[in-house]
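Here is what each chain is made of, one letter per residue.
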Amino acid sequence: KIGQGTFPMMVDALSLMKVPITYIYFKYSFPQNYKKKFVKILLPISYFLIHISFICAITNLFIDIGMGYDIRFGIRSFQFLFNNPGPYAALMFVCFGILVICSNKNHKYIFTKIEACINILLTFRMGCIGPLGILLISYLFIGKKIKIRDIILGVCMSAIIGYGQFESYFLTETPRSQLVRG
């Protein structure tokens, strides 16, 4: 019995599709040399954004500078200059990706990559922390043989980290759990 208008559904669909559509358009519409130039232009912007927002995120932990969104785990979550932590985390993923593309196996930007990951963590959004975990695991293990103990450890850590989300969706009476069941 939840009202659904066409306009909110279209806005939601667009918000879910804009990143993949942009990626596909960029990947198949431009020559390789243009893509490299474009990413190199974005590199200093990404570098700057990560550093500035990292300073603000750390400051936000101790002083309310107006960049917090809500309190999670007893700590003020971080949204930078956005209205919500989710879009900010998406920007940090893009910036992280640009650093990975430009530095590849070079360790030049390792501290900046760590800052981007901390920025994402400080949003305290499980929808962002989960993909970050997957990204980091794949980044660390690509090209290496994965042992069964690594998989078991990963599953256990995921269960511990994701239990709060599981509980809010399935074990308690929240609007989210009712929407999932309905």
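This write-up is about the structure you can find in this document. Computed from a prediction, not measured in an experiment: that's the story for all the values here.

1. Some remarks on the overall build of the protein chain
Part 1: Secondary structure assignment for the protein chain yields seven helices and two strands.
Part 2: Considering only C-alpha atoms, the protein chain reaches an extent of 50 × 45 × 40 Å along its principal axes.
Part 3: When contacts within the protein chain are restricted to residue pairs at least 6 apart in sequence, those whose partners lie at least 24 apart make up 52%.
Part 4: Of the roughly 13,000 Å² that the protein chain leaves accessible, carbon and sulfur atoms contribute 71%.

2. Comments concerning a nonpolar patch on the surface
Part 1: Nonpolar side chains collect at one region of the surface, where L61, F62, I63, I65, F73 and I75 lie side by side and expose about 600 Å² of accessible area between them.
Part 2: Assignment of secondary structure puts F73 in the loop between β1 (68-72) and β2 (75-78).

3. With respect to the nonpolar core
Part 1: Residues I50, F78, F80, M92 and I120 are the most contacted members of the largest nonpolar core, which totals 23 residues.
Part 2: Breaking this core down by element, the ones donating at least two residues are α2 (32-62), α3 (85-103), α4 (110-121) and α5 (126-141).
Part 3: Beyond its immediate stretch of four places on either side in the chain, M92 contacts L49, I50, S53, A116, N119 and I120.

4. Concerning α5
Part 1: For α5, spanning 16 residues, the distance from its first C-alpha to its last is 22 Å, which sits close to the expected 22 Å at 1.5 Å a residue.
Part 2: Along α5, the positions that sit buried rather than exposed are C128, I129 and L132. The arc that holds every buried residue of α5, seen down its axis, measures 90°, which confines them to one face. For α5, the exposed residues set more than 90 degrees away from the buried face come down to G127 and I134.
Part 3: Where α5 is buried, its residues touch α3 and α4.
Part 4: Note on α5: the residue one or two positions beyond its end, G143, has a positive phi of about 85°.

5. Comments concerning the pattern of salt bridges
Part 1: Within the structure shown, the criterion is met by two salt bridges.
Part 2: Here R72 ties to D70 by a salt bridge, and the two come within 3.4 Å at their closest N and O atoms.
Part 3: Residue class for R72 comes out partly exposed when judged on its relative accessible area of 25%.
Part 4: Since its relative accessible area comes to 22%, D70 is described here as partly exposed.
Part 5: We note a salt bridge from D70 to R125, for which the minimum N-O separation is 3.1 Å. Taken as a pair, D70 in strand β1 and R125 in the loop between α4 and α5 lie far apart in primary sequence, 55 residues in all.
Part 6: Taken together, the salt bridges that share partners define one network made up of D70, R72 and R125.

6. Quick look at the pairing of β2
Part 1: As paired strands, β1 and β2 are joined by three bridges and run antiparallel to one another. Bridge assignment links G68 to a residue of β2, and that residue is F78.
Part 2: Taking the residues between adjacent antiparallel strands as the criterion, β1 and β2 are bridged by two residues, where F73 takes a positive phi near 55°.

Conventions and cut-offs
- Residues numbered from 1 in each chain as written.
- Predicted model: local features only at pLDDT ≥ 70, side-chain atom pairs only at ≥ 80, totals over all residues.
- Heavy atoms only, no water.
- Helix = DSSP H or I, 4+ residues; strand = E, 2+ residues; numbered from the N terminus.
- Contact = heavy atoms within 4.5 Å.
- Areas by Shrake-Rupley, 256 points an atom, 1.4 Å probe, with all protein chains shown as cover.
- Patch = residues over 30% accessible without salt bridge, like charges linked within 9 Å, V, L, I, M, F, W, Y side chains within 5 Å.
- Salt bridge = Lys/Arg side-chain N within 4 Å of Asp/Glu carboxyl O.
- Core = buried A, V, L, I, M, F, W, Y, C linked by side-chain atoms within 4.5 Å.
- Buried < 20%, exposed > 50% of the residue type's maximum accessible area, 1.4 Å probe, protein only.
- Expected span 1.5 Å × (residues − 1).
- Arc of directions from axis to C-beta.
- Pairing = 2+ DSSP bridges.

Shape descriptors only; they carry no functional weight alone.
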